[in-house]
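Reading the structure
Listed here are the chains, written in short residue letters.
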Amino acid sequence: MKPYPEVPPGLLVAHDGPILSVCLDRPERRNSLTDPIVYALADIVDAAASDESVRVIHLEGAGDHFCSGFDLAERTPGPDRPRVGSIHRRMNGHVNRLIPAMLTCQTPIVCTARGWVIGLGLDLLLAADFAVVQDDATLWAPFTTFGFTPDSGATWLIPRLAGVARAREMLLLGTKVSGADAATWGLVHRSVPSSEWEAAGRDQVARLATGPTVALGLTKLLLHRALTSDIDRHLSDEAWSMEVSSRTEDFKEYGQANRDKREPRFTGR
């Protein structure tokens, strides 16, 4: 198993049985992200993907907001002007590693969010498998309104989830979207009133933590590959996944539970 990284300031990580909880903890800065936090998040997702005890990752933010994006004020320039291409080189091991790690790891990720969900914070939310947001949360991709282009997968994630027309509205016009509208558009899994939000998030995490982990992980992988795969390759991937999942203890448990006329008790094996 890959070891977990040292947790930097502004991030809290707790391992409770099958649940790995990851909390952005800079409420005084609306949980904006720093370079150390981004690098640590990528390493945490990779480590959790190889940790047999983790069956679901729960990503949340402390305080009244999920995340206001990357904290550019924390990045101070060096004494020398960087070489041409420095942004591209830096991003390869930065957000360009984090977002694919979230999309391709076979551990389901649940993101619960309220308040502001901006920029990179929005992309983290959209890269999760399930996003549960408050109805009055505000999702915002402000890149072009600031005079630069989107990053961290925004132009890949948003059109696939909400369609090209709505992606243009969010990315070209910088339109803010409420949590309720985001659910209607298909950007997030579910939006709920603030009074129901914590319980809804806990229920979603618990459902995945007690599910057939191998089958869930392989299905997540299939869904991601389907976005760029041709039908012949995809049918082959489905056949391989069926071969693997049908040999798990959870599959056998389902058969036994069906015979016993009871609910299955999946162990993730």
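Here we summarise the structure given alongside this text. This one's a predicted model, so the numbers in the text were calculated from it and none came from an experiment.

Topologically, His 65 is positioned in the loop between strand E3 (56-61) and helix H2 (86-92). In terms of polar contacts, His 65 uses its side chain to reach the backbone amide nitrogen of Trp 116, at 2.9 Å. When sequence neighbours within four positions are dropped, the list of residues in contact with His 65 reads Arg 30, Asn 31, Arg 114, Gly 115 and Trp 116.

Pairing is mixed in the open sheet, where three strands are placed in the order E5-E7-E8. Edge positions in the sheet fall to strand E5 (116-118) and strand E8 (177-178), since each has one partner strand and no second. The sheet contact formed by strand E7 (residues 138-140) and E8 spans two bridges and is antiparallel. Looking at the pairing, Thr 138 lines up with Ser 178 of E8. Each of E5 and E7 is contacted by helix H4 (residues 120-127), which is oriented at about 90 degrees to E5, the strand it contacts most.

Here we come to the packing of aromatic side chains. The full count for this structure, using the stated rule, is four aromatic pairs. Ring plane angle 85 degrees and centroid distance 6.1 Å describe the contact between Phe 143 and Phe 148, whose orientation is recorded as edge-to-face. Given the relative accessible area of 5%, Phe 143 is considered buried. For the ring pair Phe 146 and Phe 148, a centre distance of 6.3 Å and an interplane angle of 40 degrees mean the geometry is tilted. In this structure Phe 146 comes out as exposed when scored by relative accessible area, which is 55%.

For the rest of this paragraph, the subject is the packing of helix H9 (residues 213-226) against helix H10 (residues 231-245). The geometry of a pair of packed helices is captured by two quantities: the angle between their axes and the separation between those axes. Relative to each other, H9 and H10 sit at 175 degrees, their axes nearing to 10 Å. Of the possible angle classes, the one that applies to H9 and H10 is roughly antiparallel. Here Val 214, Ala 215, Leu 218, Leu 221, Leu 222, Arg 225 and Ala 226 of H9 lie close against H10, whose contacting residues are Arg 233, His 234, Asp 237, Glu 238, Trp 240, Ser 241, Val 244 and Ser 245. Among the residues forming the contact of H9 with H10, the class breakdown is eight nonpolar, three polar and four charged.

Below, the discussion takes up the nonpolar core. A general trend in soluble globular proteins is that nonpolar side chains are found buried together. Residues Leu 125 and Ile 158 are the most contacted members of the largest nonpolar core, which totals 55 residues. The residues contacting Ile 158, other than those within four sequence positions of it, are Leu 122, Leu 126, Ala 141, Gly 163, Ala 167, Met 170, Leu 171 and Leu 187. Within the second largest apolar cluster, five residues are counted, among which are Val 56, Val 110, Val 205 and Ala 209.

For the rest of this paragraph, the subject is the packing of helix H3 (residues 95-104) against H9. The interhelical angle for the contact between H3 and H9, taken along N-to-C directions, is 125 degrees, at an axis separation of 8 Å. It follows from the interaxial angle that H3 and H9 lie oblique. Facing Met 102, Leu 103 and Thr 104 of H3, the residues of H9 in contact are Lys 220, Leu 221 and His 224. Looking at the contact of H3 with H9 residue by residue, the classes come out as three nonpolar, two polar and one charged.

When its volume is computed, the second largest pocket comes out at roughly 610 Å³. Lining the second largest pocket are 26 residues, with Ala 128, Asp 129, Phe 130, Lys 220 and Leu 223 sitting closest to its centre. Of all the secondary-structure elements, those providing two or more residues to the lining of the second largest pocket are H3, H4, strand E6 (130-134), helix H5 (154-162), helix H8 (194-209) and H9. Ranked by the residues each element gives to the lining of the second largest pocket, the list is headed by H9, at five residues. Its residues placed into classes, the lining of the second largest pocket shows 17 nonpolar, five polar and four charged.

Conventions and cut-offs
- Residues numbered from 1 in each chain as written.
- Predicted model: local features only at pLDDT ≥ 70, side-chain atom pairs only at ≥ 80, totals over all residues.
- Heavy atoms only, no water.
- Helix = DSSP H or I, 4+ residues; strand = E, 2+ residues; numbered from the N terminus.
- Polar contact = N/O pair within 3.5 Å; in protein donor to acceptor, adjacent residues only side chain to side chain.
- Contact = heavy atoms within 4.5 Å.
- Pairing = 2+ DSSP bridges.
- Axes fitted to C-alpha atoms, helices over the stretch in contact; angles between N-to-C directions.
- Phe/Tyr/Trp six-rings, centres within 6.5 Å; stacked < 30°, edge-to-face > 60°.
- Buried < 20%, exposed > 50% of the residue type's maximum accessible area, 1.4 Å probe, protein only.
- Parallel < 35°, antiparallel > 145°, perpendicular 65-115°, else oblique.
- Nonpolar A, V, L, I, M, F, W, Y, C, P; charged D, E, K, R; others polar.
- Core = buried A, V, L, I, M, F, W, Y, C linked by side-chain atoms within 4.5 Å.
- 1 Å grid on protein atoms, 1.4 Å probe; cavity = no way out; pocket = protein on both sides within 12 Å on 5 of 7 lines; lining within 4 Å.
- Points joined across faces, edges and corners; volume = space filled by probe spheres on them.

Interpretation note: all reported values are geometric properties and have no functional meaning in isolation.
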